[in-house]
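# Examination of the molecular architecture
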Amino acid sequence: MYVDAVKSGLLADMGAEMWHTLCVIASYMNERGECYPTQTQIARGIGTSRQAANERIKRLLEYRWNGKPVVVAVKYRKEGKFDNNRYTVLPISGLTMFDRDK
């Protein structure tokens, strides 16, 4: 995490609950910000039920900072059924992994 999330006001604007949810999702991301955690993994990381985690994820996906999302999700299908979501944590969030230049 870079201090930009604090200094820019993002953290204060999104609040502790959404920040917590974002950090749990981001803990699964690769160098491109893509992550594939299950709803169960997210719920365990947050310390809540799957249903409560899904509600928090929905709010996070709807959240906009300066008119832009901080995370997006794409639903994948496998054999005609929904598999899991691929989340992408966007650079505007201030969260990165594997960035050795910073």
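Before reading on, note that the structure itself is shown above.
A brief look at the structure comes next. These numbers come from a predicted model, not from an experiment.

## Considerations on helix 2 (residues 10-26)
In this model, helix 2 (17 residues) spans only 16 Å end to end at C-alpha, well below the 24 Å of a helix rising 1.5 Å per residue. The sharpest bend along helix 2 reaches about 90 degrees and sits at Ala16. Residues of helix 2 that are buried: Leu10, Met14, Met18, Trp19, Thr21, Leu22, Val24, Ile25 and Ala26.

## A closer look at unusual backbone geometry
One non-glycine residue, Asn66, adopts positive backbone phi at about 55 degrees. Within the fold, Asn66 resides in the loop between strand 2 (64-65) and strand 3 (68-69).

## Quick word on the nonpolar core
In a soluble, globular protein the nonpolar side chains are often hidden away together inside. Grouped together as the largest cluster of nonpolar side chains are 24 residues, with contacts concentrated most on Met14 and Val89. When contributions to this core are tallied by element, the ones reaching two or more residues are helix 2, helix 3 (39-46), helix 4 (50-62) and strand 5 (81-89). Here this core takes eight residues from helix 2, the largest share from any one element. Apart from residues no more than four positions distant in its own chain, Met14 is found in contact with Trp19, Leu22, Leu60, Tyr63 and Val70.

## Regarding a nonpolar patch on the surface
On the surface, Tyr36, Val74 and Tyr76 cluster together into a nonpolar patch covering about 260 Å² of accessible area. On the basis of relative accessible area, Tyr36 is assigned to the partly exposed category, the value being 41%.

## Things to note about helix 3
For helix 3, every residue scored as buried is listed here: Ile42, Ala43 and Ile46. Here the buried residues of helix 3 occupy an arc of 100 degrees about the axis, which is enough to place them on one side. Directly after helix 3, the chain includes Gly47, whose backbone phi takes a positive value near 85 degrees.

## Some details on the side chain of Arg86
On the secondary structure map, Arg86 appears in strand 5. As a buried residue without a salt bridge, Arg86 has its nearest oppositely charged side chain in Glu34, at a separation of 4.2 Å. Aside from chain neighbours lying at most four places away, what touches Arg86 is Glu34, Cys35, Tyr36, Val72, Ala73, Val74 and Tyr76.

## Looking at the packing of helix 2 against helix 3
The geometry of helix 2 relative to helix 3 is characterised by a closest axis approach of 9 Å and an angle of 125 degrees between their N-to-C directions. Judged by the angle between their axes, helix 2 and helix 3 are oblique. Crossing of helix 2 over helix 3 shows right-handed handedness. Here helix 2 contributes His20, Thr21, Val24 and Ile25 to the contact with helix 3, which in turn contributes Ile42, Gly45 and Ile46. For the contact of helix 2 with helix 3, the residue count by class is four nonpolar, three polar and no charged.

## With respect to the packing of helix 3 against helix 4
Running from amino to carboxyl end, helix 3 crosses helix 4 at an angle of 95 degrees, the nearest separation of the two axes being 9 Å. Taken together, helix 3 and helix 4 sit at an angle that is classed as roughly perpendicular. For the pair helix 3 and helix 4, contact is made by Gln39, Thr40, Ile42, Ala43 and Ile46 and by Arg50, Ala53, Asn54, Arg56 and Ile57, respectively. Split into classes, the residues belonging to the contact of helix 3 with helix 4 amount to five nonpolar, three polar and two charged.

What counts, and where the lines are drawn
- Positions within a chain are numbered from 1, following the residues in the order the chain's sequence is written.
- The predicted origin of the model limits local features to residues at a pLDDT of at least 70 and limits the giving and counting of side-chain atom pairs to 80 or more, whereas totals for whole chains, interfaces and linings rest on all residues.
- In computing side-chain properties, one takes all heavy atoms of the structure into account and sets aside hydrogens as well as water.
- Secondary structure counts use DSSP, requiring at least four H or I residues in a row for a helix and at least two E residues in a row for a strand, with both numbered from the N terminus.
- To estimate how far a helix should reach, multiply one less than its number of residues by 1.5 Å.
- What we call the bend at a residue is the angle made by axes fitted to the seven residues finishing there and the seven residues starting there.
- Here the term buried applies to any residue with accessible area under 20% of the maximum for its type, exposed to any over 50%, and partly exposed to those in between, with areas from a 1.4 Å probe on protein chains only.
- Here, the term nonpolar core denotes a set of buried Ala, Val, Leu, Ile, Met, Phe, Trp, Tyr and Cys residues that are joined through side-chain atoms within 4.5 Å.
- We call two residues in contact when some of their heavy atoms are within 4.5 Å.
- Surface patches are defined over residues having more than 30% relative accessible area and no salt bridge, joining like charges when they lie within 9 Å and nonpolar side chains (Val, Leu, Ile, Met, Phe, Trp, Tyr) when within 5 Å.
- Computed with the Shrake-Rupley method and a 1.4 Å probe, the accessible areas treat only the protein chains shown as cover for residues.
- One side-chain nitrogen of Lys or Arg within 4 Å of one carboxyl oxygen of Asp or Glu is enough to make a salt bridge.
- The arc in question is formed by the directions pointing from the helix axis toward the C-beta atoms.
- Here Asp and Glu are counted as negative and Lys and Arg as positive; His is not counted, and neither are the chain ends.
- In this description, a line fitted to the C-alpha atoms serves as the axis of each element, helices being fitted only across the stretch in contact, and the angle between N-to-C directions of two axes falls anywhere from 0 to 180 degrees.
- Should an angle lie under 35 degrees it is considered roughly parallel, over 145 roughly antiparallel, and from 65 to 115 roughly perpendicular; all remaining angles are considered oblique.
- Note: crossing handedness is left-handed where the near helix turns anticlockwise from the far helix by less than a right angle, and right-handed where it turns clockwise.
- Each residue is assigned to one class: nonpolar for Ala, Val, Leu, Ile, Met, Phe, Trp, Tyr, Cys and Pro, charged for Asp, Glu, Lys and Arg, and polar for all the others, Gly among them.

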